[in-house]
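Inside the fold
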Amino acid sequence: MRLQLTPAQRAFQQDLRAFYEREVQPGWRTRYKTFEELGAYLLDWEKVLYRGNWSVPTWPAEFDGRGADAIERAIFTEETARFDAPEGLNRLGKRLVAPVLMRHGTDAQRSHLARIRSGEEVWCQGFSEPNAGSDLVNIRTAAVRDGSDWVINGRKIWTSFAQFADWVMLLVRTGAADSRAEGISIILVSLDTPGIEISPIQTIAGRSEFNEVSFDDVRVPLENLVGAENGGWPIVRSVLQDERGAEFCLARYTDIRRIFEDVTSYAKTDADRSYPGRIGADYARIYTIQLLASDLLDRGQRDATPEGLESMLKLYTTETWRSLGDDQVHYWAHDLFERGGKEGLEDYYESRHYTISAGTSEIQRNLIAGRLLQLPSSRRSAP
Ligand SMILES: Cc1cc2nc3c(=O)[nH]c(=O)nc-3n(C[C@H](O)[C@H](O)[C@H](O)COP(=O)(O)OP(=O)(O)OC[C@H]3O[C@@H](n4cnc5c(N)ncnc54)[C@H](O)[C@@H]3O)c2cc1C
């Protein structure tokens, strides 16, 4: 992106470049063979980011962030992609949990922010259940008051990074079993609490980013409730909006650029002349992602984002990544096994992930139709 920078923005860029030049270890992506090893490295990276004052560039200054403006966020994205710098393991803590604590947390709950920023506390997101993914109003994990505690029973699934996490932001039913959106609350739960079991799930890529997390009579202090009892649904909607918004999508930009460059370098030497048109279309999509993200950031600064716009960015970003994954496999097909067979396919598998997480592409299309175009929905709409 070509930008006219102010002196402060140029200083931001130079500071970040110097930090990445000093700290990013070339080859970090392929160095770690297991997800556990990679996770440990990304956990350390959180501390490196913190020491360099780069762990939460977008947090407001009142919470000790750098308060990066829209241009500085674009610079951060560009430089992170250029250096192929890691993202860190606490992305859910920093980008999903922190805004909830900033907007709705008590003073005691907000005290987690400093530990999230420093990488001392890793957080995960416990929303999805075996029968409630797109349709989160169906969650069954229940929290019942008992004296000064909530007693929690139930099961969460697809909980990313739970095996590394200290805390979970948990979606629970505090109303009657049929209360749907009106009976949902958010509770902060330390993963050390007795009665919690975390079982990693192996993905097709041979990794275990996901976990199943079960809660068996888990006792949590009443004051760990965020916001009002049964008032969790508007918070869920804002979390999902964040998860589909510019911050998250721009974090995926590093992967998209990396794969795009890989594919382009293949296309330059490949004999198949029919394929490059597809890559031209990918390039147009990447350009559109940048424009949409800048528009969202700009609107966000003015508090003027129409609901549904973030679904467009999420859909574009994740479907572009998926399409690039297909292109990569097309070019790799002849030397796939030299690249390490199944392991060489990690990028390809990962390019599928994000069309599902934070709401599938089908859900995003429905939300664009319903929220931006006010068209009738053929099925019950998801958050
Ligand atoms: C990489 C990754 C990371 C994740 N991390 C987390 C996490 O940390 N925490 C967490 O809580 N969850 C996490 N998830 C879970 C994720 O949010 C759910 O997988 C997702 O919301 C879809 O839910 P589901 O898997 O139950 O599929 P379902 O909701 O059962 O959907 C199955 C299919 O039906 C379609 N469908 C469903 N409803 C509709 C509808 N109304 N209209 C049209 N089509 C529809 C879907 O598009 C999909 O194709 C993660 C998932 C992935 C892939």
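Here, every reference points to the structure presented above.
Residues numbered from 1 in each chain as written. Predicted model: local features only at pLDDT ≥ 70, side-chain atom pairs only at ≥ 80, totals over all residues. Heavy atoms only, no water.

**What to know about the environment of Phe210**
Which entries qualify depends on this criterion: Secondary structure elements are defined from DSSP: runs of H or I of at least 4 residues count as helices, runs of E of at least 2 residues count as strands, and each element is numbered from the N terminus. It only takes one pair of heavy atoms within 4.5 Å for two residues to be counted as in contact.
Here Phe210 shows up in strand E7 (residues 210-221). Note: C-alpha distance between Phe210 and Ser160 (50 residues apart in sequence) is 4.5 Å. Among all residues touching Phe210, those that are not within four sequence positions of it are Trp158, Thr159, Ser160, Pro200, Ile201 and Thr203.

**Quick look at the pairing of strand E3 (residues 149-156)**
To be explicit about the condition: Whether two strands pair comes down to DSSP finding at least two bridges between them.
Direction of pairing for strand E2 (residues 142-146) relative to E3: antiparallel, over a ladder of five bridges. By the bridge assignment for E3, Arg145 is matched with Trp150. As consecutive antiparallel partners, E2 and E3 are separated by two residues, and within that stretch Gly147 has a phi angle of approximately 65 degrees, a positive value. Bridge count between E3 and E7: seven bridges; the pairing is antiparallel. Bridge pairing in E7 places Ile152 opposite Val218.

**Quick word on the side chain of Gln9**
Applicable threshold: Each residue's exposure class comes from its accessible area (1.4 Å probe, protein chains only) as a fraction of the maximum for that residue type: buried when under 20%, exposed when over 50%, partly exposed otherwise. Polar contact criterion, stated in full: a pair of N or O atoms within 3.5 Å, where within protein one must be able to donate a hydrogen and the other to accept it, and residues adjacent in sequence count only if both atoms are side-chain atoms.
Its location among the elements puts Gln9 in helix H1 (residues 7-23). The class for Gln9 is buried, based on a relative accessible area of 8%. A distance of 3.2 Å separates the side chain of Gln9 from the side chain of Asp69, its partner in a polar contact. Apart from residues no more than four positions distant in its own chain, Gln9 is found in contact with Gln4, Asp69, Ile71, Glu72 and Ile75.

**Things to note about the site of the ligand**
Stated precisely, the cut-off is as follows: Nearness of a residue to a molecule or strand requires only that one of the residue's heavy atoms be within 4 Å of it. Shrake-Rupley sampling with a 1.4 Å probe provides the accessible areas, and residues are treated as covered by the protein chains on show and by no other component. For this classification, Asp, Glu, Lys and Arg are treated as charged, while Ala, Val, Leu, Ile, Met, Phe, Trp, Tyr, Cys and Pro are nonpolar and the rest, including Gly, are polar. All domain edges in this entry derive from an automatic or database-based domain assignment.
Taken together, 19 residues surround the ligand, and among them Gln125, Ser128, Ser134, Thr360 and Glu362 come closest. Within the contact set of the ligand, a nitrogen atom lies 2.8 Å away from a side-chain nitrogen or oxygen of Ser160. In the model, an oxygen atom of the ligand is placed 2.6 Å from a nitrogen or oxygen of the Thr360 side chain. Protein coverage of the free-state accessible area of the ligand, which is 970 Å², stands at 74%. Residue contributions to the shell around the ligand peak at three residues, all from helix H13 (residues 361-372). Broken down by class, the residue content of the shell around the ligand amounts to six nonpolar, 10 polar and three charged. Here the shell around the ligand spans two domains, and each of domain 2 (123-232) and domain 3 (245-372) adds at least three residues to it.

**Details of the pattern of salt bridges**
Pairs can form between side chains of opposite charge whenever their charged atoms are close. To keep it simple, the criterion reads: Put simply, a salt bridge is a Lys or Arg side-chain nitrogen that is within 4 Å of an Asp or Glu carboxyl oxygen.
Following the criterion strictly, the structure yields 31 salt bridges and no others. One salt bridge connects Arg237 with Glu307, and the closest N-O pair in it is separated by 2.6 Å. Of this pair, Arg237 sits in helix H8 (residues 233-244) while Glu307 is found in the loop between helix H10 (276-301) and helix H11 (309-332), placing the two residues 70 residues apart along the sequence. A relative accessible area of 29% means that Arg237 is categorised as partly exposed. You can call Glu307 partly exposed: its relative accessible area is 30%. For the salt bridge of Arg278 with Asp327, the shortest nitrogen-to-oxygen distance reads 2.7 Å. Of this pair, Arg278 sits in helix H10 while Asp327 sits in helix H11, and the two are 49 residues apart along the sequence. Because the salt bridges share partners, they merge into one network encompassing Arg29, Asp84, Glu87, Arg91, Arg95, Arg252, Asp255, Arg258 and Asp347.

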